[in-house]
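What follows is each chain in one-letter form.
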Amino acid sequence: MKKTEKLSQAIGCLNEEIIEKADQRRTAERSKKAKKFPLKLTAAIAACLAAVIGITALFSQSISAQALAEADYPKATKYPGELEINYEQWAEERRARWDSGELISSSVSDFYKKTAEEFLSGNENRAYSPVNIYMALAMLGETTDGESRRQILELLGADNIDKLRDDAKNMWLANYCNDGAVTSILANSVWLNEDVNIRQQTVDVLAENYYASSYSGDVASRKMTNALRQWLDRQTGGLLSNAVKNVELNPETVMALYSTVYFRAKWDNQFSKSKNDTKTFHTPKGDIQTEFMNDTNNWGMFYAGEDFGAISLDFKEGGKMWFILPDEDKTIDDVLHSGEYIELIGDPWEWENKKNLKIHYSVPKFDISSQIGLSEGLNNLGVVDVFDSKKADFSPLTDNELFISEANHAARVVIDEEGCTAAAFTELIYSGSALPPEDEMDFIVDRPFIFAVMSDTGQPLFIGTVNDPK
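Residues numbered from 1 in each chain as written. Predicted model: local features only at pLDDT ≥ 70, side-chain atom pairs only at ≥ 80, totals over all residues. Heavy atoms only, no water.

Looking only at helices and strands, the protein chain features 13 helices and 19 strands. Taken across its 470 residues, the protein chain has 58% of its residues classed as buried. (Helix = DSSP H or I, 4+ residues; strand = E, 2+ residues; numbered from the N terminus. Buried < 20%, exposed > 50% of the residue type's maximum accessible area, 1.4 Å probe, protein only.)

In structure tokens form, the structure reads like this:
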């Protein structure tokens, strides 16, 4: 079976009636008792780069659909704009998000470096969401125990499950924003096979600490697949509709976990279409002509690393997008391997090799999408046992023997004159540049480069590579 077909089987959908009822109950109690059930787990993320992670377990039974536990999502105060109404409350909520970001362990930067090198290397356009994959793996860790859990904890940089739980919750709180100025919406859901006995306590933990709603149903039914598709499509802003429509649950699914992030933001200084022109972009396969956006920042900041140069463009009211250009004698893989850029985007204020100057910058418009198989990469990163039916330990979730049969990630990122919009999903199936000497420079992104979309709390919502912008 093709990966795209298996991906579709891991995503599925619930009917509109089920979703509407779930939305109505979302403001009520966070979790509700219900009969034990089997499930399929999938996580999805959508953002300026959005990503979804789905986890599905293979089992020889079927699934049905009712809410078992529902997450209680916060309501954000709308950005006041030029009006002072609600400004203090809006500012207080923003500071609370920043405080949550400060509580996230610094060890997550190692996770970002390792996963970026593992999943982005190569000469093709790639994109993934580190935050999305982190959240999905954290939820996976909650459903495992023993060596299976230890391997996940080690990759995520947590000493124990309590620490991981705290970090994941702070990660969610730091990056969730829907105030009308910046859209960065995270959502998680778990889809369970109704014929499998699932421990309610674990489902409640997922709802309380990971904001994951859980649904039990007949996984072989068209209604449940449609409901899941609708959920994914809504949470990713319709940007991944081509991928979502291929998603299906199947009778062998025990659990599917989805974690989504949707991000949309406008540039603080939008590009003028009248300044656009056509330039040559040097792809690995040869030169092409493509449309570039051009502007000048009289007080720009240029950052130099050992093997790259970089600038960042701010989003309005929070966050930024980095453009990391390898030196002419270096490749994207060289920069990914050294990992120095992770230090830069994580804390540019402490970066020593930087200079404030007038920058004429040109960046190509692009709309890229990619699909990445994660199973091999996760194995390379030390997460092995969950893929082995004889070693996988999912005892916190069920007494049934489960394993992850496949893991995939799909992403789409778009930038234009106004800003950035994108979406992505991941599936896990259970079964040394020098500073310029002058005070003015041209920064022309006309060869393969790395980009990173950062939240205003300093977390990389998305990282990707552009080898061909067309």
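So much for the structure itself; the text now carries on.
Here we take up a negative patch on the surface. A grouping of E328, D329, D333 and D334 is seen on the molecular surface, where their side chains present a negatively charged patch. Tracing the backbone through its elements, the reader meets D333 in helix 11 (residues 332-338). For D333, a relative accessible area of 32% corresponds to the partly exposed category. (Patch = residues over 30% accessible without salt bridge, like charges linked within 9 Å, V, L, I, M, F, W, Y side chains within 5 Å. Areas by Shrake-Rupley, 256 points an atom, 1.4 Å probe, with all protein chains shown as cover. Salt bridge = Lys/Arg side-chain N within 4 Å of Asp/Glu carboxyl O. Lys, Arg positive; Asp, Glu negative; His and termini not counted. Charge placed at Lys NZ, Arg CZ, Asp CG, Glu CD.)

What follows deals with empty space enclosed by the protein. As a volume, the largest cavity reaches approximately 70 Å³. Looking at the largest cavity, the residues that line it are R97, N175, C177, V182, S184, F263, E317, G318, G319, M454, S455 and D456. Of the residues assigned to the lining of the largest cavity, the class counts are four nonpolar, five polar and three charged. (1 Å grid on protein atoms, 1.4 Å probe; cavity = no way out; pocket = protein on both sides within 12 Å on 5 of 7 lines; lining within 4 Å. Points joined across faces, edges and corners; volume = space filled by probe spheres on them. Nonpolar A, V, L, I, M, F, W, Y, C, P; charged D, E, K, R; others polar.)

In this structure the tally under the stated criterion is 18 aromatic pairs. Ring geometry for F271 against Y361: centres 6.0 Å apart, planes inclined by 85°, an arrangement best described as edge-to-face. With a gap of 90 residues between them, F271 in the loop between strand 8 (253-266) and strand 9 (277-283) and Y361 in strand 13 (residues 354-364) connect regions that are remote in the sequence. Judged by its relative accessible area of 6%, F271 is buried. (Phe/Tyr/Trp six-rings, centres within 6.5 Å; stacked < 30°, edge-to-face > 60°.)

At their nearest, the axes of helix 3 (residues 87-103) and helix 7 (residues 161-175) sit 8 Å apart, and the two run at 145° to each other. Like other packed secondary-structure pairs, helix 3 and helix 7 cross with a definite hand, here left-handed. On the side of helix 3, the interface is formed by R97, S100, G101 and L103, while helix 7 contributes K163, D167, N170, L173 and A174. Here the contact of helix 3 with helix 7 is built from residues that sort into three nonpolar, three polar and three charged. (Axes fitted to C-alpha atoms, helices over the stretch in contact; angles between N-to-C directions. Left-handed = near helix turned anticlockwise from the far one by under 90°. Contact = heavy atoms within 4.5 Å.)

Another point: the layout of surface pockets. By volume, the largest pocket is sized at about 1300 Å³. Mapped onto the lining of the largest pocket, the elements with two or more residues apiece are helix 3, helix 4 (108-120), strand 10 (286-304), strand 11 (308-314), strand 12 (320-326), helix 12 (340-346) and strand 13. Within the lining of the largest pocket, the residues separate by chemical class into 20 nonpolar, 17 polar and 10 charged.

Let us look at unusual backbone geometry. The phi dihedral of Y211 is positive, around 55°, even though this residue is not glycine. For Y211, a relative accessible area of 6% gives the class buried.

As a further point, take helix 8 (residues 200-210). For helix 8, the buried fraction is high: eight of the 11 residues fall into the buried class. All of the buried residues along helix 8 are Q200, T202, V203, V205, L206, A207, N209 and Y210. Positioned one or two residues after helix 8, Y211 has a phi angle of 55°, which is positive.

It is the contact of helix 4 with helix 5 (residues 130-142), at a shortest axis distance of 10 Å, that shows an interaxial angle of 110°. Our classification of the angle between helix 4 and helix 5 gives roughly perpendicular. Residues V108, F111, Y112 and F119 of helix 4 form the contact with helix 5, whose own contacting residues are P130, I133, Y134 and L137. For the contact of helix 4 with helix 5, a count of residues per class yields eight nonpolar, no polar and no charged. (Parallel < 35°, antiparallel > 145°, perpendicular 65-115°, else oblique.)

Here E418 is to be found in the loop between strand 15 (404-415) and strand 16 (419-430). The sequence separation of E418 and K266 amounts to 152 residues, and the corresponding C-alpha distance is 5.5 Å. Ignoring any residue separated from it by four or fewer positions in sequence, one finds E418 in contact with A265, K266, W267 and Q270.

Here we come to the pairing of strand 11. Taken across its seven residues, strand 11 has five buried, putting it largely inside the fold. Here strand 10 hands over to strand 11 after three residues, the two strands then running antiparallel side by side. For strand 11 and strand 12, the ladder comprises seven bridges, and the chain directions are antiparallel. What sits directly across from A310, in strand 12, is I324. (Pairing = 2+ DSSP bridges.)

Moving on: helix 3. One turn of an α-helix holds 3.6 residues; hence residues three or four places apart share an orientation. Under the 1.5 Å per step criterion, the end-to-end length of helix 3 is 25 Å for 17 residues, consistent within 8% with the ideal 24 Å. Every buried residue belonging to helix 3 is among W90, A91, R94, R97, S100 and G101, and all of these are buried. Looking at the packing, one finds that the buried side of helix 3 touches helix 7 and strand 5 (177-178). (Expected span 1.5 Å × (residues − 1).)

On to the nonpolar core. Counting 112 residues, the largest nonpolar core has F323, F443 and F451 as the members making the most contacts within it. Once you skip the residues sitting within four places of it in the chain, F443 turns out to touch F302, G309, A310, I311, F323, L325, I359, H360, Y361 and S362. Of all hydrophobic cores here, the second largest spans 15 residues; its members include L232, L249, A256 and Y258. (Core = buried A, V, L, I, M, F, W, Y, C linked by side-chain atoms within 4.5 Å.)

What follows concerns the side chain of S100. Within the secondary structure, S100 is located in helix 3. With residues up to four places along the chain from it excluded, the contact list for S100 reads N170, L173 and A174.

Take the pattern of salt bridges next. Scanning the model with the defined rule gives 20 salt bridges in all. Between E147 and R150 there is a salt bridge, with the nearest N and O atoms lying 2.7 Å from each other. In this pair, E147 and R150 both sit in helix 6 (residues 146-156), three residues apart, roughly one turn of the helix. Looking at E147, the relative accessible area reads 36%, which means it is partly exposed. In this structure R150 comes out as partly exposed when scored by relative accessible area, which is 39%. Through salt bridges that share partners, R94, R97 and D456 make up one connected network.

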